[in-house]
Amino acid sequence: MRPQTHRAALIMAAGKSTRMKSRLPKAVHPLCGRPVAMHVIQACRDAGLDRVIVVVGHEADAVRQTLGEGVEYVTQDRQLGTGHAVMCAEQALQDFDGVLAVLPADTPLIRPESIARMVEDCESRGCAASLLTAEMQDAAMYGRIVRSPSGEVERIVEAKDAPPEILAIREICTSIYAFDARRLFPALRRLSPENRQQEYYLTDVIGIFRSEGWPVSATVVEDATEVMGINTRVELADATAVLRDRIRRRLMLDGVTMLDPASVHVDVDVEIGQDTVIYPGCVIEGRTRIGSGCVIGPHSHIVDSVLEDGVSFEASVAVEAEVGRGTRVGPYSRLRPGARLGENVIIGDFVEIKNSVIHEGVSIAHMTYIGDAEVGAHTNIGAGTITCNYDGRRKHRTVIGAGAFVGSHTTLNAPVTVGDGAFIGSGSVITKDVPPDALALGRAQQIIKEGWARRRRERSEE
């Protein structure tokens, strides 16, 4: 949707969120690869609200640090209720005369379409406010929507202040609003904290609007899970389950196969190409991008990595790594940050690659550690090879040329260079540079003593 300058969003993230029982503010708890509040921010932007202001209070620095510089911030020094939180943004919005959407930071499942529909309803009907409401069988502690006999919204009653007949109402206030900013702030100045919580309720603004004869509209959201709030770790887990299901459904409709969708965890910013197959038990996180025609084998864990088309990745781990087209990884391999694999590479079982460039066609098939290295195209690295990159104080680099052969159980003591086409005998310890096309052997001389074992057995028997 096209951003419009006469629309803005105010996101309330100042609360202490004591029921989370956490040192982290609720707004910054991770949810499918983003902080909780960032899901709300992104939904507002996708709904066409180009200006986003976040109200911070409790652990304000942590919230600012997590959400970053892409939004504006205002501070609520004392938590005196939702109405007071919006009051704190008056100066920041003193020149704004459009529609202001107000949302809590803990509703990460809200869809952009619902926000846009609410804002457009407020604009098109000239309302002082438009509410997003929901029908719930168990309305619990949500504020109730009180309508007139003709169906117009008259007021919102907080559950803690509601008599039994009001608590029987199933239509609830979602704490998601669109306001005419020119009418909102004068009404906020008329709020009173005369209630059980001794707070300034934003919900009381609706009654003030109605007393002035200003229209207030309400739109019932089709799916009540959209407005699910997060106050406890249980509710965080519930929201995670809903969002993960949305992500999986979107990917499958876009052409990704998941053999057991419920067992696959994919973050919201992950991209996966058509005809890729995801096996059970996989976790794909962060800003990972997986190409088309890949096979992601059982129980793989991929974080902030790029896998190009046609990659086979089986039961392995990749963190901040790049894997070229047609490369095969695993099972039980680990790609650490800075691992960059070219096309058609073979990384076999129990291989670890860290901060290294592996060029096309390289084979590293078994039980090997390659760290701080560069391996040239079509080189073969035998089983049990390691690059000794750390001397106890500093890391050093190993360079292996193209078309080389490194025999099994070779130790390369960095810094060291192996030239193109060189051949290293198995079991060697290489401490000096090897010229191109040379043979290098670095192992102890084998000694054989005929009959030694028989004589040892005879002495033992005596």
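Criteria and cut-off values
- Residues numbered from 1 in each chain as written.
- Predicted model: local features only at pLDDT ≥ 70, side-chain atom pairs only at ≥ 80, totals over all residues.
- Heavy atoms only, no water.
- Phe/Tyr/Trp six-rings, centres within 6.5 Å; stacked < 30°, edge-to-face > 60°.
- Helix = DSSP H or I, 4+ residues; strand = E, 2+ residues; numbered from the N terminus.
- Buried < 20%, exposed > 50% of the residue type's maximum accessible area, 1.4 Å probe, protein only.
- Disulfide = S-S within 2.5 Å.
- Core = buried A, V, L, I, M, F, W, Y, C linked by side-chain atoms within 4.5 Å.
- Contact = heavy atoms within 4.5 Å.
- Pairing = 2+ DSSP bridges.
- Patch = residues over 30% accessible without salt bridge, like charges linked within 9 Å, V, L, I, M, F, W, Y side chains within 5 Å.
- Areas by Shrake-Rupley, 256 points an atom, 1.4 Å probe, with all protein chains shown as cover.
- Salt bridge = Lys/Arg side-chain N within 4 Å of Asp/Glu carboxyl O.
- Lys, Arg positive; Asp, Glu negative; His and termini not counted.
- Charge placed at Lys NZ, Arg CZ, Asp CG, Glu CD.

Enquirer: I'm lost on the packing of aromatic side chains in this one. Help?
Expert: Ring pairs (aromatic) are described by centroid distance and by the angle formed between their planes. For the structure on display, the rule yields 5 aromatic pairs. Ring centres of Phe 179 and Phe 209 lie 6.2 Å apart, and the angle between their planes is 65 degrees; this geometry places the pair in the edge-to-face category. Residue Phe 179 is located in strand β10 (residues 171-180), and its partner Phe 209 is located in helix α7 (residues 204-211); the two are separated by 30 residues in the primary sequence. Assigned by exposure class, Phe 179 and Phe 209 land together as buried. Measuring from ring centre to ring centre gives 4.7 Å for Phe 405 and Phe 423, while their planes differ by 15 degrees; the resulting arrangement is stacked.

Enquirer: Explanation requested: the state of the cysteines in the structure shown.
Expert: Disulfide: a covalent bond connecting the sulfur atoms of a pair of cysteines. Evaluation of the coordinates by the stated rule reveals 0 disulfides. A disulfide-free cysteine, Cys 32 has its sulfur positioned 16 Å from the sulfur of Cys 282, the nearest such atom.

Enquirer: Sorry, what's going on with the nonpolar core here?
Expert: Ranked by internal contacts, the top residues of the largest apolar core, which has 58 residues, are Ile 278, Ile 296, Phe 313, Leu 335, Ile 353, Ile 358 and Ile 364. Going through the elements one at a time, α8 (233-253), β27 (346-354), β29 (363-371), β30 (373-375) and β36 (416-418) are the ones with two or more residues in this core. When residues in this core are grouped by element, the largest group, 5 residues, is from α8. Those residues in contact with Ile 364 that sit more than four places away from it in its chain are Ile 346, Ile 347, Gly 348, Val 351, Ile 353, Ile 358, Ile 370 and Ile 381.

Enquirer: I'm lost on the pairing of strand β6 (residues 99-104) in this one. Help?
Expert: For a regular strand, side-chain orientation follows a simple rule: the groups alternate between the two sheet faces. With 6 of its 6 residues buried, β6 lies for the most part within the structure. Burial along β6 is two-sided: the residues Val 99, Ala 101 and Leu 103 and Leu 100, Val 102 and Pro 104 are all buried. Both β6 and β10 contribute to a ladder of 4 bridges, which runs antiparallel. When the sheet's bridge partners are listed, Val 99 is paired in β10 with Asp 180.

Enquirer: Just to check I follow, could you spell out a positive patch on the surface for this structure?
Expert: Among the surface-exposed residues, Lys 449, Arg 455, Arg 456 and Arg 459 lie close enough to one another that they form a single positively charged patch. Take Arg 455: it is sitting in helix α9 (residues 452-461). Residue classification places Arg 455 among the partly exposed residues on the basis of a relative accessible area of 36%.

Enquirer: Is there a simple way to think about a nonpolar patch on the surface in this case?
Expert: A cluster of nonpolar side chains, Phe 405, Phe 423, Leu 439 and Leu 441, forms an exposed patch at the surface whose accessible area comes to about 400 Å². The exposure class of Phe 405 is partly exposed, given its relative accessible area of 33%.

Enquirer: What exactly am I supposed to notice about the environment of Gly 348 here?
Expert: Mapped onto the secondary structure, Gly 348 falls in strand β27. With sequence-adjacent residues up to four places away left out, Gly 348 is seen in contact with Gly 330, Pro 331, Ser 333, Ile 364 and Ala 365.

Enquirer: Where do I start with the sheet that holds strand β26 (residues 340-341) in this structure?
Expert: In sheet architecture, strand pairing relies on hydrogen bonds along the backbone and comes in two forms, parallel and antiparallel. Spatially, β14-β17-β20-β23-β26-β28-β30-β33-β36 is the arrangement adopted by the 9 strands of the open sheet, whose pairing is parallel. At either end of the open sheet lies a strand with only one pairing partner, and these are β14 (271-272) and β36. Pairing of β30 with strand β33 (residues 398-400) involves 3 bridges; the strand directions are parallel. Across the sheet, the residue bridging to Ala 373 is Thr 398, located in β33.

Enquirer: Please explain the pattern of salt bridges as it appears in this structure.
Expert: Oppositely charged side chains are able to pair whenever their charged atoms sit close together. Tallying each qualifying case throughout the model produces 22 salt bridges. Here Arg 111 makes a salt bridge to Glu 226, at a shortest N to O gap of 3.8 Å. Of the two residues, Arg 111 is situated in the loop between β6 and α4 (112-124) and Glu 226 in the loop between β11 (216-220) and α8; the sequence distance between them amounts to 115 residues. Arg 111 gets classed as partly exposed once you look at its relative accessible area, which sits at 33%. The residue Arg 125 makes a salt bridge to Asp 121 at a minimum N-O spacing of 3.6 Å. A cluster of three or more residues bridged by salt bridges with shared partners is formed by Arg 34, Asp 269 and Arg 287.

Enquirer: Mind showing me how you'd approach unusual backbone geometry here?
Expert: Excluding glycine, most residues fall at negative phi; most peptide bonds, likewise, are trans. Going from Gly 330 to Pro 331, the amide bond is cis rather than trans, its omega being 5 degrees. Along the chain, Pro 331 turns up in the loop between β24 (328-329) and β25 (334-335). A cis amide bond, omega 0 degrees, links Ala 414 with the succeeding residue Pro 415. For Pro 415, the location among the structural elements is in the loop between β35 (411-413) and β36. Phi is positive for Asp 372, close to 50 degrees, though the residue is something other than glycine. As for its placement among the helices and strands, Asp 372 is situated in the loop between β29 and β30. Among the residues examined, Asp 372 registers a relative accessible area of 7% and is labelled buried. Even without a glycine there, the phi angle at Asp 437 is positive, about 60 degrees. Considering the arrangement of structural elements, one finds Asp 437 in the loop between β38 (429-430) and β39 (439-440). Residue classification places Asp 437 among the exposed residues on the basis of a relative accessible area of 65%.

Treat this as a map of the structure, not an account of what it does.
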